[in-house]
Every structure is written in structure tokens, then in C-alpha cells.
Amino acid sequence: MRVLVTGGAGFIGSHLCESLLENKHEVICLDNLFSSSKDNVHHLRDWRGFEFMRHDVIHPVFVEVERIFNLACPASPVHYQYNPVKTVKTNVMGTLNMLGLAKRVRARILQASTSEVYGDPEVHPQNEEYWGSVNPIGLRSCYDEGKRVAETLMMDYHRQNNVDVRIARIFNTYGPRMSVDDGRVVSNFVVQAMKGEPLTVYGEGTQTRSFCFVSDMVAGLNSLMDSEGIVTPVNLGNAEEIRIVDVAKLIKDLMGSRSEIRFKPLPDDDPVRRKPDTSLAKQVLGWEPSVPLREGLQKTIEYFEQVLSTSESEQCRSERVLGEQTKDLPV
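Read on for an overview of the structure. Bear in mind the structure is a predicted one, so any value in this text is a computation, not a measurement. (Residues numbered from 1 in each chain as written. Predicted model: local features only at pLDDT ≥ 70, side-chain atom pairs only at ≥ 80, totals over all residues. Heavy atoms only, no water.)

**Considerations on the layout of surface pockets**
Here is step 1 of the chain: The space that makes up the second largest pocket amounts to roughly 380 Å³.
Here is step 2 of the chain: Taken together, 16 residues form the lining of the second largest pocket, with Glu128, Glu129, Tyr130, Arg169 and Pro233 sitting closest to its centre.
Here is step 3 of the chain: Of all elements in the fold, only helix 4 (141–161) and helix 8 (279–285) reach the threshold of two or more residues within the lining of the second largest pocket.
Here is step 4 of the chain: For the lining of the second largest pocket, the residue count by class is six nonpolar, four polar and six charged. (1 Å grid on protein atoms, 1.4 Å probe; cavity = no way out; pocket = protein on both sides within 12 Å on 5 of 7 lines; lining within 4 Å. Points joined across faces, edges and corners; volume = space filled by probe spheres on them. Helix = DSSP H or I, 4+ residues; strand = E, 2+ residues; numbered from the N terminus. Nonpolar A, V, L, I, M, F, W, Y, C, P; charged D, E, K, R; others polar.)

Structure, rendered in C-alpha cells:
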């Protein structure tokens, strides 16, 4: 099939593009590179059937495709709070444009929603029937409420225009190609430990998350897209819950780090507990995560070691070249 992946140069999007190509699909990777990097898909440039398109989803796009994965939106608080109005526009106008495209070309469309639609949940674990507890005017609401509206649009286009929709509520995902500076838990801890800096834990670290390795998430997204007749939201994530402070300790242990753990005030609206009920995904997709946290973290650490060592080498090389170019210049 010919598949459009918006946000395709992002963390999850790049892995999804790679998976689709491996399964012999043609892929249009669309991204404006606001919070992603073309480096994430650089290795795909010579693959048959791969096309990169630099474009912002808040503007219409006209392509002929059979399926659309709408992943376009900055997903980390650092990035989506940088320009909150832009985040809302990406979620609302971007989703409208992709749904309009799906309607025109009669494509199936999957919306990458988020566990953040549950807000700071009063139900634990969170299942798809829970409507959430979200602050509509907080710092995170540009993302949380933006994704909730995107889900509304998906269902309205399905009911009103018979668009074939899928909605994936993605819980915390980690793995290679996370951005070094995206401010998320795993990348923060790994990078801080590598630099010998204190590991920053907010609050007392007793808040929980459930971490899913990126290969498992991509398998879940593909399974949901390939499923028939499932138009309501489906949770995708790992049901193993862990405290944030324990994640910090585990990463320290895996890296042999001597970095201290430093506690800071808890940000506003930060969810206290986060754990998906994945019963529906198991039942209708036959999907559940298979990569243990320790194994996934080790792969992630190896990726960041490579990225940071390459970055340092390039910096040293640039400084050396600059020194050679300026050594004979008059003072």
C-alpha cells in the first residue's frame, strides 16, 4: 500500500516508517522538523518506495494514499509548551486536514492520541471507557485538550462522513531515536547520568508511569491499523507500573553511574499515576508488549552513548578545523 506518515521523522514515526518499508509498503514521510530530525530517517533515503516531504500539517496536503498514520505533534512537555498555540493548531487543524484527505481519497486513518487524554486520572488503571480528569486551562492543556479534540474530530468524521478511523491512545514510549533534549523521563535520566550530572526527579518520585519499548509500540500501531471495524480508542502501552524514582535507580545501576538523585518540586498537573488497562488491545488485536524494561533501557542507553560520543567527536573536529583556519590570523 501507499502510506502517509505525518510526524514521520519523529521518534515513533521514524520507527514506523522503517517497519512499513520492511513490509513492502510505499511510504511518504511528512514532517516539518519542528521537534524531530531528518537524521532519524536518513538511513531510509535510498529505500525503494520512501519519500520525504517537508510540510506542516496545519496546511492541506494533496497526495494519493491508501492509509494515513497521523503522528504529527510534539509529544514532550518541553516541545509542546514551547509554542502552545502551535500545538493546538497541529492537533486540531492538522487532524482536520488529514481527515479531509482521508475522506477525499477514501483512506483509512489512524490518529496517534495519548494517555494524556486521561489527565491526572481518578481511575486506575485507565481503560478506554474512562473520560479523564483534565485541566482545560493548564500548561499541559494545549496538548491534552488538543488530543481530546482530535479524537472528537475522528469520531465525528466517522459518524458524519463514514471515514474509516482508528484511534491509538499511546502511553509512555521510549527507545532509540528519542531526542537528547526532549525532557522526557528516560532520555533525561540517561543523558544526565552520561554527563555525570544529578538525575532530576520531580516531587518525591513516587508518581508512576508504564514504559513501552518503541518496537512494541510500532507493532501495536500496525496491528490496530490492520484491524477491521475498531473505530473507538484503544490503549497501547505497557501495563507494568513503576515509580519514577525506581526508574532513576535502575538506569544508574545499568550505567554504573555515581550520579546523585536530586529532587525538585512537582510540575503543575503532573499525573500521579499512569497505567494502561490493555485488555482491549489483547482481546481485539492479540497484542501485548514483549520487551522487558531492563532490556529496552539497555538498548536505549547504547543508542545515547553512540549519539553523544559522535556529537563530541564532531565538536572536537570542528574546533580543530577552526583552530587550523585561524592559527595564522593576526591577533
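**Examining the pairing of strand 1 (residues 2–6)**
Looking along a regular strand, one sees the side chains alternate between the two faces of the sheet.
Here is step 1 of the chain: In terms of burial, strand 1 is largely enclosed, as four of its five residues are buried.
Here is step 2 of the chain: Relative to strand 2 (residues 26–31), strand 1 runs parallel, the two being bridged by five bridges. Across the sheet, Val3 pairs through a bridge with Val27, a residue of strand 2.
Here is step 3 of the chain: Regarding topology, helix 1 (residues 11–22) serves as the crossover connection from strand 1 to the parallel strand 2, and that connection is right-handed.
Here is step 4 of the chain: One ladder, built from four bridges, connects strand 1 with strand 4 (residues 67–70); its direction is parallel. The residue of strand 4 that forms the bridge with Thr6 is Asn70. (Buried < 20%, exposed > 50% of the residue type's maximum accessible area, 1.4 Å probe, protein only. Pairing = 2+ DSSP bridges. Right-handed = clockwise from strand over helix to strand, strands pointing away.)

**Topic: the sheet that holds strand 11 (residues 234–236)**
Here is step 1 of the chain: Here we have seven strands laid out as an open sheet, ordered 3-2-1-4-5-6-11, and parallel in their pairing. A single partner strand is all that each edge strand has here, and the edge strands are strand 3 (50–54) and strand 11. Within the sheet, the average angular offset between the axes of one strand and its neighbour, ignoring direction, is 20°.
Here is step 2 of the chain: Alignment of strand 4 against strand 5 (residues 108–114), held across four bridges, turns out to be parallel. Directly across from Arg67, in strand 5, lies its bridge partner Arg108.
Here is step 3 of the chain: Sheet strands touched by helix 1: strand 1, strand 2, strand 3, strand 4 and strand 6 (165–170). Its angle to strand 1, the strand with the most contacts, is close to 170°.
Here is step 4 of the chain: Against the sheet, helix 4 touches strand 5 and strand 6, its axis set at about 155° to strand 5. (Axes fitted to C-alpha atoms, helices over the stretch in contact; angles between N-to-C directions. Contact = heavy atoms within 4.5 Å.)

**Observations concerning the environment of Asp120**
Here is step 1 of the chain: On the secondary structure map, Asp120 appears in the loop between strand 5 and helix 4.
Here is step 2 of the chain: Assessed through its relative accessible area of 31%, Asp120 is described here as partly exposed.
Here is step 3 of the chain: Every residue in contact with Asp120, bar those within four places of it in the chain, is listed here: Ser133, Asp270, Pro271 and Val272.
Here is step 4 of the chain: At 3.1 Å, the side chain of Asp120 forms a polar contact with the backbone nitrogen of Val272. (Polar contact = N/O pair within 3.5 Å; in protein donor to acceptor, adjacent residues only side chain to side chain.)

**Digging into the nonpolar core**
Nonpolar side chains in soluble globular proteins tend to end up buried together.
Here is step 1 of the chain: Among the nonpolar cores identified, the biggest contains 57 residues, and Ile12, Phe69, Leu221 and Leu236 are the most heavily contacted of them.
Here is step 2 of the chain: Not counting the four nearest positions on each side in its chain, Leu221 is found in contact with Ile12, Phe69, Leu110, Ala168, Ile170 and Leu236.
Here is step 3 of the chain: By size, the runner-up hydrophobic cluster in this structure holds 24 residues, among which are Ala107, Met155, Tyr157 and Val231. (Core = buried A, V, L, I, M, F, W, Y, C linked by side-chain atoms within 4.5 Å.)

**Side note on the environment of Lys147**
Here is step 1 of the chain: Structurally, the position occupied by Lys147 is in helix 4.
Here is step 2 of the chain: Looking at Lys147, the relative accessible area reads 2%, which means it is buried.
Here is step 3 of the chain: In this structure the C-alpha to C-alpha distance between Lys147 and Val117, which are 30 residues apart in sequence, comes to 6.7 Å.
Here is step 4 of the chain: Among all residues touching Lys147, those that are not within four sequence positions of it are Cys73, Asn91, Gln111, Ala112, Ser113, Thr114 and Val117.
Here is step 5 of the chain: At 2.7 Å, the side chain of Lys147 and the backbone oxygen of Ala112 are in polar contact.

**A short note on the side chain of Ser210**
Here is step 1 of the chain: Inspection of the secondary structure assignment puts Ser210 in the loop between strand 9 (208–209) and strand 10 (212–213).
Here is step 2 of the chain: In this structure Ser210 comes out as buried when scored by relative accessible area, which is 0%.
Here is step 3 of the chain: Here the side chain of Ser210 touches Asn238 through a polar contact of 3.5 Å, landing on its backbone oxygen.
Here is step 4 of the chain: One polar contact links the side chain of Ser210 to the main-chain carbonyl oxygen of Arg274, over a distance of 3.0 Å.
Here is step 5 of the chain: Here Ser210 is in contact with Asn172, Asn238, Ala239, Glu240, Glu241, Arg274, Lys275 and Pro276, once residues within four sequence places are set aside.

Note that every value here comes from positions in space, so none of it alone points to a role or purpose.
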